[in-house]
Each structure stands twice: as structure tokens, then as C-alpha cells.
Protein chains: 2
Amino acid sequence: MTPSMSVSEVLESALYVQDLSAAEQFYTRILGLTLYSKLDGRHVFLRCGQRMVLLFNAKATAVSAGGANDAPVHGATGPGHLAFAVPLSEIDQWKEHLVEHGVEIEKEIHWEGCRSLYFRDPSNNSVEITSPLLWRIPEESILPPRAGPRPR
Amino acid sequence: MTPSMSVSEVLESALYVQDLSAAEQFYTRILGLTLYSKLDGRHVFLRCGQRMVLLFNAKATAVSAGGANDAPVHGATGPGHLAFAVPLSEIDQWKEHLVEHGVEIEKEIHWEGCRSLYFRDPSNNSVEITSPLLWRIPEESILPPRAGPRPR
């Protein structure tokens, strides 16, 4: 047997959406992710920091196109979940930002030493914004250094 | 309006599973994730590097327990997708490791300058192991430094 092995990090996270264009607008314009590539009717691939967020139309990914380089089929229905990391000190600013963009804060939970904002993307996926502190991950270990206080 | 804002990083990725125990065994023993916490019948939370992988029983998370600190409901059915990052130089060793643990490699795709292994978790989610190079992310920017060649 090979010795014990561990994958190093999560690289791609996927969500399934009904309307790819609406999802692209939501994740790029409101949450600030960067468009990496897209295929009309099938997917929108976004970069978030050092990771990828893949938005799929499950109706397209659940059937194989038969190509040699096609990834295996997958595709879920019903609301999924994804959480994004921000500095704890920016949660208030995020709340204001989301409300100003017409995003309803479905719930706000105060954890011990942390806070989470929960809201829905246009396909009803449950999206969360919180600090890595929620999982006892030091902010400096995954968040990029800030040049200073953000302009308001 | 608040100025343009961007979430910094993905923090939590979720998958839905039918058998939480089988999923826990698969992700901890074969892929090497670390158990963070669990709640029988509802979820298993795993740490992977500097991120969290949340495995949920959708039947439990799709209904609200009504608690003040309960996260909003979510829960998908059908195969989801998640990709893990490893060094490109370890893909061969991972292939051997998976096969030795009885995991069938559903597909192997050779990308330009990269490779991906695709296989299924016990709940039929499509899991991928690849290098961050797939997304033009330098390996050193997200993978922990290795002390040297891994023992075989």
C-alpha cells in the first residue's frame, strides 16, 4: 500500500444555477469574483482569490457530450451552499454593500468571536460571508494583506 | 453606494451525501482530510489545508430546526463536484493510492501542462484531484512546501 496521503487544498467549488447570466452578474458585480471563462448554456468559471468557483447549469453537465476531454457528468438540484472569507472587520461594510445592491440578508449569526451573513444567490443557493476565524483559521493565513483601511 | 468590493477567498465548500459515515471514512482515510466536528445524522465538517469541506445530509439540512443560531436551510440532490489540489508531480502516486484503496478512476484527462483524476465518492459526487496549474495558479501559491521527495 502507498503510505498515508493527504490532498493539500480545496481547488474548485461548484454550485448549480438555473440562470448562468444572472449568476455571473451576481458573483462578479456584487461579490467581486473574476470571470475566468464561460461556455454559453453550460458553465461560468470564476476566480476567487487563489481558488475557483464553478457555476454549472446542471441540465447541461448531467449529460455527457461524449468528448474525450469531457469531465464526468455531475449536476445537483436544490440549493447548495458556499461560504466566502472576508476580514471580520469588514462584515458591517459587507452588510451595507449587499443591502445597497438589493440583496436581502436572510440571517445574521453571531458566533463566539465571529459573525456570518447569509443570503441567497439568484438560484437560491445559500451563500455565506464570514471570517476564517469561524473555523479557527487565522485571518492572515488565508486573507491577502490589506494596504490599510478600506475607503468608504 | 459602497465602493466596489470583493470577497477574498472561498472558505467553505459543501457536498451532500447519503451516508455520512461512509463519506467521513472516504474523505479522511483515503483523501486525508481532517475531521473537525460532526453531528450525527446531519453533517460532518472536515478541514482541508486552509479551507473547510462540509458534508451534509440534505434531508436534515433542508428543514429548519428553528434555532436562533441555525444556518438557513439548503440541501441539494444529485452528484455535486469538488476538486482538490495536489502537486502535479504527485498525480501518479495519487492514482496508485486510489486504486489500492479500491477507488475506481472514472476518467483521467490530460490538459495542456496538467492532469486530472476523476473518481466518485460513496454518494456519487464527482471528485477531482489535479494541480492548481490547471487554472494557471502557481503550485507554490497554494500548496504547502514539501520537505523533500515523499517516501514511497
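Above this text you will find the structure in question.
To keep things clear, this report deals only with the structure shown in the data block. What you see is a predicted model, and the numbers here were worked out from it, not measured in a lab.

### Structural notes on the pairing of strand 5 (residues 81-85) of chain A
In step 1: Most of strand 5 of chain A is tucked away, with five of its five residues classed as buried.
In step 2: Burial along strand 5 of chain A is two-sided: the residues His-81, Ala-83 and Ala-85 of chain A and Leu-82 and Phe-84 of chain A are all buried.
In step 3: By the bridge criterion, four bridges tie strand 5 of chain A to strand 1 (residues 9-16) of chain B in an arrangement that is antiparallel. Considered in strand 1 of chain B, the bridge of Ala-83 of chain A is made with Glu-12 of chain B.

### Let's talk about the sheet that holds strand 4 (residues 51-56) of chain B
In step 1: One open sheet accounts for eight strands, arranged 6(A)-7(A)-8(A)-5(A)-1(B)-4(B)-3(B)-2(B); its pairing is mixed. In the strand order of this sheet, the two ends are held by strand 6 (107-111) of chain A together with strand 2 (34-39) of chain B, each with one partner. When the angles between neighbouring strand axes are averaged without regard to direction, this sheet yields 20°.
In step 2: Two strands pair when backbone bridges link them, and strand 2 of chain B and strand 3 (residues 43-48) of chain B are joined in this way by five bridges, in the antiparallel orientation. Along strand 3 of chain B, the bridge assignment pairs Leu-35 of chain B with Leu-46 of chain B.
In step 3: Lying over the sheet, helix 3 (residues 91-100) of chain A contacts strand 7 (114-120) and strand 8 (126-130) of chain A, oriented at roughly 15° with respect to strand 7 of chain A.
In step 4: In the packing of helix 1 (residues 20-30) of chain B onto the sheet, the strands contacted are strand 2, strand 3 and strand 4 of chain B, and the crossing angle to strand 3 of chain B comes to about 10°.

Calculation notes
- Residues numbered from 1 in each chain as written.
- Chains lettered and ligands numbered in written order.
- Predicted model: local features only at pLDDT ≥ 70, side-chain atom pairs only at ≥ 80, totals over all residues.
- Buried ≥ 20, exposed ≤ 12 C-beta atoms within 10 Å, placed from the backbone.
- Helix = DSSP H or I, 4+ residues; strand = E, 2+ residues; numbered from the N terminus.
- Pairing = 2+ DSSP bridges.
- Axes fitted to C-alpha atoms, helices over the stretch in contact; angles between N-to-C directions.
- Contact = placed C-beta atoms within 7 Å.

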